Amino acid sequence: MLLLLLLWQIQDEDISASSQWSESTAARYGRLDFEEGDGAWCPEITVEPDSLKEFLQIDLRSLHFITLVGTQGRHAGGIGNEFSQMYKIKYSRDGSRWISWRNRQGKQVIEGNRNAYDIVLKDLEPPIIARYVRFMPVTDHSMNVCMRVELYGCEWLDGLVSYNAPVGEQMSLPALPAYFNDSVYDGAVIHRCVCGLGQLTDGVCGLDDFTHSHVYNVWPGYDYVGWTNESFPSGYVEIMFEFDRTRNFTTMKVHCNNMPSRHAKAFRQVVCYFRSEADWEAAPLAFGPAEDEENPGARFVTVNLANRMASAIKCQFHFADAWMLFSEITFQSVKRCLPLSPRLPSPEDDPTHKIDDSNTRILIGCLVAIIFILVVIIVIILWRQVWQKMLEKRGPGRIPSPSLITCFPRCVPASASAAASKSTAAAAAAAVQDGAPHYAEADIVNLQGVTGGNTYAIPALAMDLLSGKDVAVEEFPRKMLTFKEKLGEGQFGEVHLCEAEGMQEFMNKEFLFDIPEDQPVLVAVKMLRSDADKNARNDFLKEIKIMSRLKDPNIIRLLAVCIYSDPLCMITEYMENGDLNQFLSRHEPEGQLAVLSNAPTVSFNSLCYMAAQIASGMKYLSSLNFVHRDLATRNCLVGKNYTIKIADFGMSRNLYSGDYYRIQGRAVLPIRWMSWESILLGKFTTASDAWAFGVTLWEILNFCKEQPYSQLTDEQVIENTGEFFRDQKRQIYLPQPVLCPDSLYKIMLSCWRRNTKERPSFQEIHRALLEMQP
Ligand SMILES: *[C@@H]1O[C@H](CO)[C@@H](O)[C@H](O)[C@H]1NC(C)=O
Ligand SMILES: *[C@@H]1O[C@H](CO)[C@@H](O)[C@H](O)[C@H]1NC(C)=O
Ligand SMILES: *[C@@H]1O[C@H](CO)[C@@H](O)[C@H](O)[C@H]1NC(C)=O
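Residues numbered from 1 in each chain as written. Chains lettered and ligands numbered in written order. Predicted model: local features only at pLDDT ≥ 70, side-chain atom pairs only at ≥ 80, totals over all residues. Heavy atoms only, no water.

Threshold: UniProt positions are given in the numbering used here, feature names are shortened, and annotations may be inferred rather than shown by experiment.
The name an unreviewed UniProt entry gives the chain is receptor protein-tyrosine kinase, with Cyclopterus lumpus as the organism. Within the UniProt record for the chain, the comment given under Catalytic activity (unreviewed entry) is "L-tyrosyl-[protein] + ATP = O-phospho-L-tyrosyl-[protein] + ADP + H(+)". Here is the UniProt Subcellular location (unreviewed entry) comment for the chain, exactly as written: "Cell membrane".

Regarding the site of ligand 2
So the rule is basically this: Nearness here has a simple test: a residue counts as near a molecule or strand if at least one of its heavy atoms is within 4 Å of that partner. Whenever a nitrogen or oxygen atom comes within 3.5 Å of another N or O atom, the pair is scored as a polar contact, on the condition that within protein one atom can donate a hydrogen and the other can accept it, and that pairs from neighbouring residues in sequence are kept only if both atoms are in side chains. The method behind every accessible area is Shrake-Rupley, applied with a 1.4 Å probe, and residues are considered shielded solely by the protein chains displayed. Here the nonpolar group is Ala, Val, Leu, Ile, Met, Phe, Trp, Tyr, Cys and Pro; Asp, Glu, Lys and Arg are the charged ones; every other residue, Gly included, is treated as polar.
Residues in close proximity to ligand 2 include Asn248, Asn307, Met309 and Val334, which together make up its full environment. At 3.1 Å, a side-chain N or O of Asn307 approaches an oxygen atom of ligand 2. The fraction of the free accessible surface of ligand 2 (360 Å²) that becomes covered by protein chains is 36%. Residue composition of the shell around ligand 2, by class: 2 nonpolar, 2 polar and no charged.

Quick notes on empty space enclosed by the protein
Rule in force here: Cavity and pocket criteria rest on a 1 Å grid covering protein atoms alone: a 1.4 Å probe that fits but cannot get out defines a cavity, protein on both sides within 12 Å along at least 5 of 7 lines defines an open pocket, and an atom within 4 Å of a point defines a lining residue. Grid points are joined across faces, edges and corners, and a volume is the space filled by probe spheres set on the points. The helix and strand labels rest on DSSP assignments: H or I over at least four residues marks a helix, E over at least two residues marks a strand, and numbering proceeds from the N terminus.
Per the counting criterion, the structure on display carries 7 cavities of 30 Å³ or more. Each pocket or cavity is described by its volume, and for the second largest cavity that value is around 80 Å³. What lines the second largest cavity is a set of 13 residues, and nearest its centre among them are Met674, Trp691, Tyr709, Thr721 and Phe724. Secondary-structure elements contributing two or more residues to the lining of the second largest cavity are α8 (676-681) and α10 (714-726). Top contributing element to the lining of the second largest cavity by residue count: α10, with 4 residues. Tallied by class, the residues present in the lining of the second largest cavity amount to 9 nonpolar, 3 polar and 1 charged.

Things to note about the site of ligand 1
For ligand 1, the full set of nearby residues is Tyr179, Asn181, Ser183 and Trp219. Coverage of ligand 1 by the protein amounts to 47% of the 360 Å² it exposes when considered alone. The class makeup of the residues in the shell around ligand 1 is 2 nonpolar, 2 polar and no charged.

Examining helix α9 (residues 686-701)
Every α-helical turn comprises 3.6 residues, leaving residues that sit three or four positions apart pointing alike. Rules: Each helix should span, by expectation, one fewer than its residue count multiplied by 1.5 Å.
Here α9 is 16 residues long and its end C-alpha atoms lie 22 Å apart, about the 22 Å a rise of 1.5 Å per residue gives. Phe703 occupies a position one or two residues after α9 and carries a positive phi of about 55°.

Re the pairing of strand β8 (residues 160-166)
As a reminder, the rule being used: Buried residues are those whose accessible area, probed at 1.4 Å on protein chains only, stays under 20% of the maximum for their type, while exposed residues exceed 50% and partly exposed ones sit between those limits. Two strands make a pair as long as DSSP finds a minimum of two bridges between them.
Taken across its 7 residues, β8 has 6 buried, putting it largely inside the fold. Across 4 bridges, the pairing between β8 and strand β14 (residues 236-256) is antiparallel. Each residue of the ladder has a partner; that of Ser162, found in β14, is Glu242. Pairing of β8 with strand β12 (residues 192-196) involves 3 bridges; the strand directions are antiparallel.

Topic: the environment of Lys107
With respect to the helices, strands and loops of the structure, Lys107 is situated in the loop between β4 (99-100) and β5 (110-111). In sequence terms Lys107 and Lys88 are 19 residues apart; their C-alpha atoms lie 9.7 Å from each other.

Some points on unusual backbone geometry
With an omega dihedral of 5°, the bond running from Glu125 to Pro126 counts as a cis peptide bond. Tracing the chain through its elements places Pro126 in strand β6 (residues 120-138). Phi at Asn641 takes a positive value of approximately 50°, unusual for a residue other than glycine. Despite not being glycine, Phe703 has its phi angle at roughly 55°, a positive value. Secondary-structure assignment places Phe703 in the loop between α9 and α10.

Examining the packing of α9 against helix α11 (residues 742-751)
To keep it simple, the criterion reads: Note on definitions: angles span 0 to 180 degrees between N-to-C directions of axes, and those axes are lines fitted to C-alpha atoms, for helices only across the stretch in contact. Crossings are classed by handedness, with left-handed meaning an anticlockwise turn of the near helix from the far one by less than a right angle and right-handed meaning a clockwise turn. When checking whether two residues touch, look at their non-hydrogen atoms; a contact exists if any pair is within 4.5 Å.
At a minimum axis distance of 7 Å, the contact between α9 and α11 shows a crossing angle of 145°. The interaxial crossing formed by α9 with α11 has left-handed handedness. On α11, the residues touching Ala690, Trp691, Phe693, Gly694, Leu697, Trp698 and Leu701 of α9 are Leu744, Ile747, Met748 and Cys751. In terms of residue class, the contact of α9 with α11 is built from 10 nonpolar, 1 polar and no charged.

Let's talk about the nonpolar core
Generally speaking, a soluble globular protein has its nonpolar side chains buried in company with each other. This is how it is decided: The nonpolar core is taken to be a set of buried Ala, Val, Leu, Ile, Met, Phe, Trp, Tyr and Cys residues, with the residues joined through side-chain atoms within 4.5 Å.
Membership of the largest hydrophobic core comes to 79 residues, with the highest contact counts inside it found for Leu580, Leu584, Ile614, Phe693, Trp752 and Leu769. When neighbours within four sequence positions are excluded, Leu580 is seen to be in contact with Met610, Ile614, Thr633, Cys636, Val638, Ile644, Ile700 and Cys704. The next biggest cluster of nonpolar side chains, apart from the first, holds 41 residues, and it includes Cys193, Cys256, Phe274 and Val303.

Observations concerning the side chain of Asp202
Here Asp202 lies in the loop between β12 and β13 (225-228). Given the relative accessible area of 7%, Asp202 is considered buried. Looking at Asp202, its side chain comes within polar contact range of the side chain of Arg104, at 3.1 Å. If we skip the residues at most four places from it in the chain, Asp202 touches Phe65, Arg104, Pro126, Pro127, Val184, Ser327 and Glu328.

This is the structure in structure tokens:
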């Protein structure tokens, strides 16, 4: 279960359409947040009500489990104003049978966009399992429609394409009867349900009490498909499962209800038959689950399928009581390994052309293998070149939204499948080192710092205002810098910790150092690699311009620059206690434990004081409409007496590479600090900075001893993001730290509100934090 894939990754030829208005509005321009061509896919003619002729089609190349879709209209920098107010979705698993998607209430039409630019996400309930998906604009009057779309989901590893089961039955109960029909089944229903998938694969597990459901406004028994032994004289229910190809099966998991009071129980025995080629194999597999009398409640029963090979499986589930109710069936199979070398025709295949010399056979085998390997290498090289070109062409500011296909776990609460988060750290480390461009939003001037990280992002308008004035920093003589250590590095350069002599003379008069004149000053020097291209140089100069205007006691100050000669440098303050993350990791809360271990301590009040300074610095940034995008303790520096200044070096530092996640080779993102809308929609605002502030506050109260969501993998963090979007109370919040009083935890929770407008401003946060201090 992994997040994967999106339209952006899909080849142009896999996005097609019923028609196109022009070459520049072809199907391939229908990707979400994609601004090329004329800015969207537009069909050839006006869309008429109820015509349903036009569609945009995506071929995912294999079956996918799709849980979310996003749509957007044609904006084209303000020229376009076409969008689809409504649409329908059709999907297909084989490319021939097309099924109209309906929600759980049976409705097909999905509400789309209200303007040409906002992205609208829609939860697919039930989810779609398909290889092909079509978006079909729907209108109530004749109108021009254009669309950009996105799919979110993951590969359907079960490989199941259909199950055929007897129609579910009805149970009389004292109040309302319970209906166990398969209400979202997408195949044909006659005596049996055939050729479709439905509730047994919709990712919703039934509750212990089958008369209730998580799903809103449905009848009793909704989550389950069930049968009574009265209708099955043979004593069993037979279900047939068909798969996309022959697979090597390890297990089948059946989620069964267990309510002895209502005579519902898991099965007594299951007998499975396997078909790999044309015929059913003679030897079935029988399995009897262990009786578990003490534990009522719904559960998964795991059936060991003993590595049997099959493209179809037929299972007879024997009743253990009067009723048998299933809500979900999943299959696990061994990942297919491709043969290392192509299979050679064996000499026996062709009696007229026997190759007797075994040496020749070996030689041919080796040659074929070598050619095969060469082809693979060439393909990889070509692919990498194309990939790099695409990245270059896009440039740092032109990367579309992350548009993940996130996979929501099927019935498994994310917390239950905890895994070591560190396992991804190594991969992320590699990602950060080779300096993938940082994520950027289209209408924001992205500052690609030398380190590959963005500094601050500001609206284009503010940028114009700023560039009117002169840069108020002076050139600093390079020779007066003494290298101390490397703080980090990225795609475009490095950050060094240096001592600067005579810095005081070069500083603004308004800005006073509390250091004697004759002592060297600790500074951070950001350096642009001398071979950096023109764009990187321009961005670097832009960053200088912006940095030079940031003047706040809680923001790292730009002191001087070296721009007369290469390499270009930017000299900023650095603080003697390093970053807040390392600083707090070295300290302990006041108390017994600290006394015993003799560790240095920080009082609760000092923690609050530091947090308030961060809020104050952010208040300043937000007043200028600056969005930081990477607020975290690793990006705050600590000086004397717990003074704090906000910086932005985090991303370039190997030490923190585990805090960043790389999305499909495109962007490196601090996902554990990011709001749901930043991850799913690529929206970065002051409200998403507030979210990150909440996480930063959580880190502080934990003395940075733990990474946020440390028990979740990166993929699970993104799954959790999906839950924040869905807002069905399944999202996991960071827990209240031991040291953290309720009032402070309330501030954190308010930063993580789903609705961005309900999150507090930095002004409010700052005020609340000041009030916390005695
Ligand atoms: C399932 O049963 C419910 C309740 O009787 C009914 O409303 C619904 O239409 C049925 N669905 C199908 C697909 O048979
Ligand atoms: C199925 O997978 C298992 C485990 O990887 C392997 O040992 C076995 O040989 C496979 N069976 C076949 C027929 O490939
Ligand atoms: C169905 O199961 C119940 C409970 O085990 C049993 O009493 C009853 O005889 C069974 N009915 C049939 C037709 O097998």
